[in-house]
Amino acid sequence: MKDAQYRTARRFGGTSPLFRWWESSGWFGRTGNALVVGAGLLVEAAALKEIGWRVDALETPDSIARRPDLYADFATHRCRILADISQARVRYELAVITHVLEFIPDPKKRHSLLSQVSMRLQPEGIVLLSLRGWSDVYASSKWVKSGEGVRTGIGTWTRGFTRNEAEKLIGKSGLIAVGGPQGARSKTPEQVRIVCQRVQ
């Protein structure tokens with residue numbers, strides 16, 4: 001992620017709705033290696049660490065430099081901070097990607113990042129993927145069309161995804177949708193939340 005020019009996922013005091021939904025299934029009761037992409041303020045990474053997962057938190061070098069104490073406190077012999085996907089482990093049982101891909105302007109880089117996560121999944125591994133819907137993007141008070149997405153009033157590039165667009169992206173990256181909160185939608189705006197596995 002060293003050359004990424006996008007805003008990584010922010011955390012607003014709690015784990016994502018998809019994370020909470022999957023947690024309620026009891027799946028987090030097992031432990032293993034987890035990768036949190038665009039780890040932000042480490043809320044989801046810390047939640048996994050607390051219940052015994054070995055967590056790698058992937059963030060941009062700029063974000064890590066802005067919060068040295070936060071990231072230093074997180075890193076232990078079981079958990080690591082990564083500044084590039086090339087530093088990741090060979091295999092993971094779980095990957096969490098919450099509102100990250102929609103801030104990558106280059107479709108090739110977006111696909112490359114998701115493909116590299118896919119290649120590192122165990123055969124029965126899971127990706128929890130959360131993406132902004134288009135209604136979320138267009139809810140910004142000021143935006144200008146830019147390539148596939150928009151540039152907001154604060155200069156951030158972003159795009160939204162429909163469910164079909166998201167499934168096309170994951171399919172190109174060697175993943176398949178296997179579930180998600182059935183019928184669950186944000187009040188406003190709508191989000192895309194998908195549980196993925198690697199295509200066997």
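Structure first, text after, so check above.
Residues numbered from 1 in each chain as written. Predicted model: local features only at pLDDT ≥ 70, side-chain atom pairs only at ≥ 80, totals over all residues. Heavy atoms only, no water.

Peer 1: Please provide a residue-by-residue account of the packing of helix H5 (residues 107-119) against helix H7 (residues 163-172), values included.
Peer 2: At a closest axis distance of 9 Å, the pairing of H5 and H7 adopts a crossing angle of 60°. Here H5 lies oblique to H7, going by the angle between them. Where H5 crosses over H7, the handedness of that crossing is right-handed. Note on element contacts: H7 touches H5 through Leu169, Ile170 and Lys172, opposite Arg110, His111, Leu114 and Ser115. Looking at side-chain class alone, the contact of H5 with H7 contains three nonpolar, two polar and two charged residues. (Axes fitted to C-alpha atoms, helices over the stretch in contact; angles between N-to-C directions. Helix = DSSP H or I, 4+ residues; strand = E, 2+ residues; numbered from the N terminus. Parallel < 35°, antiparallel > 145°, perpendicular 65-115°, else oblique. Left-handed = near helix turned anticlockwise from the far one by under 90°. Contact = heavy atoms within 4.5 Å. Nonpolar A, V, L, I, M, F, W, Y, C, P; charged D, E, K, R; others polar.)

Peer 1: Can you lay out the sheet that holds strand S7 (residues 149-152) for me, pointing to particular residues and giving the numbers?
Peer 2: Here three strands make up an open sheet; going across it, the order is S6-S7-S8 and the pairing antiparallel. Of all the strands in the sheet, the pair left with one neighbour each is strand S6 (143-146) and strand S8 (157-158). (Pairing = 2+ DSSP bridges.)

Peer 1: How would you sum up the sheet that holds strand S9 (residues 175-179)? Please name residues and give values.
Peer 2: Backbone hydrogen bonds are what pair the strands of a sheet, in a parallel or an antiparallel way. The strand order S3-S2-S1-S4-S5-S10-S9 describes an open sheet built from seven strands, whose pairing is mixed. For this open sheet the edge positions go to strand S3 (80-82) and S9, each flanked by a neighbour on one side alone. Taking each pair of neighbouring strands and ignoring which way they run, the sheet shows an average axis angle of 25°. Two elements, strand S2 (residues 54-58) and S3, share three bridges in a ladder whose sense is parallel. Residue pairing across strands places Ala57 opposite Ile81, the latter belonging to S3. Across the sheet, H5 touches strand S1 (33-37), S2, strand S4 (92-98), strand S5 (121-132), S9 and strand S10 (191-198), and the angle it forms with S5 is around 150°. Contacts from H7 reach S5, S9 and S10 within the one sheet, and its direction differs from that of S10 by about 25°.

Peer 1: Now, about the packing of aromatic side chains: what can you tell me, with residues and values included?
Peer 2: Tallied over the entire structure, the rule returns seven aromatic pairs. Note on Phe19 and Phe28: the rings are 4.8 Å apart at their centroids and 40° apart in plane angle, and the pair reads as tilted. For Phe19, a relative accessible area of 2% translates into the label buried. Through a chain of ring-to-ring contacts, the aromatic side chains of Phe19, Trp21, Trp22, Trp27, Phe28 and Trp53 assemble into a single cluster. Directly above the aromatic system of Phe74 lies the positively charged group of Lys49, at a separation of 4.9 Å from the ring centroid. Over the ring of Phe161 we find Arg159; its NZ or CZ atom is 4.0 Å from the centre of that ring. (Phe/Tyr/Trp six-rings, centres within 6.5 Å; stacked < 30°, edge-to-face > 60°. Buried < 20%, exposed > 50% of the residue type's maximum accessible area, 1.4 Å probe, protein only. Lys NZ or Arg CZ within 6 Å of the ring centre and 35° of its normal.)

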